[in-house]
Amino acid sequence: DGGPQALVDAMNEHHKSSTVQEMACRALSQLTHDNIDGAMALSQAGGLSAIKAATEAFKDASIQQWGCMVLDDHRLLMEGQCALEGKNAKESRCC
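Colleague: Now, about helix α3 (residues 36-44): what can you tell me, with residues and values included?
Modeller: The complete set of buried residues in α3 reads Gly 38, Ala 39 and Leu 42. Summarising the axial view, the buried residues of α3 lie within an arc of 100°, below the 170-degree limit, and thus occupy one face. Relative to its buried face, α3 has exposed residues pointing more than 90 degrees away, namely Asp 37 and Gln 44. Contact partners of the buried residues in α3: α1 (3-13), α2 (18-32), α4 (47-57) and α5 (61-84).

Written out as structure tokens, the structure reads:
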């Protein structure tokens, strides 16, 4: 599924557009919420850096809300995955 990659590419290409950043964060939230495969695809697509860049560049409440939601969901999913694999999230590269 190329969804996360396409969204991250759009965020990178249109990094000065708050509308693109907001809509991409919203879509990524839908793709990654309670979905470990979506969270892993987001990581592989470079999405964490793109979201961090968006939240740093734009202080719009909506971008902050959606961006932080994606990052929090991703962190929780990856910590859960580490726990399932018997790894410590802070000491392991699984997160």
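Colleague: Can you explain the pattern of salt bridges? Please cite residues and give values.
Modeller: Following the criterion strictly, the structure yields two salt bridges and no others. In this structure, the salt-bridge partner of Arg 26 is Glu 22, at a minimum N-O distance of 3.1 Å. Pair noted here: Arg 26 and Glu 22 are both in helix α2, with a separation of four residues, about one helical turn. Look at Arg 26 and you get partly exposed, because its relative accessible area is 33%.

Colleague: Account for the environment of Thr 32, naming residues and giving values.
Modeller: Topologically, Thr 32 is positioned in helix α2. In this structure Thr 32 comes out as buried when scored by relative accessible area, which is 0%. The spatial distance from the C-alpha of Thr 32 to the C-alpha of Asp 73 is 7.2 Å, given a sequence separation of 41 residues. Leaving out residues up to four positions away in the same chain, Thr 32 has contacts with Gly 38, Ala 39, Leu 42, Val 70 and Leu 77.

Colleague: So what about the packing of α2 against α3? Which residues, and what values?
Modeller: Orientation of α2 relative to α3, taken along the N-to-C sense of each, is 135°, at an axis distance of 7 Å. What the angle tells us is that α2 and α3 run oblique. Contact residues: α2 offers Leu 28, Leu 31 and Thr 32, while α3 offers Gly 38, Ala 39 and Leu 42. Its residues assigned to classes, the contact of α2 with α3 shows four nonpolar, two polar and no charged.

Calculation notes
Residues numbered from 1 in each chain as written. Predicted model: local features only at pLDDT ≥ 70, side-chain atom pairs only at ≥ 80, totals over all residues. Heavy atoms only, no water. Buried < 20%, exposed > 50% of the residue type's maximum accessible area, 1.4 Å probe, protein only. Helix = DSSP H or I, 4+ residues; strand = E, 2+ residues; numbered from the N terminus. Arc of directions from axis to C-beta. Contact = heavy atoms within 4.5 Å. Salt bridge = Lys/Arg side-chain N within 4 Å of Asp/Glu carboxyl O. Axes fitted to C-alpha atoms, helices over the stretch in contact; angles between N-to-C directions. Parallel < 35°, antiparallel > 145°, perpendicular 65-115°, else oblique. Nonpolar A, V, L, I, M, F, W, Y, C, P; charged D, E, K, R; others polar.

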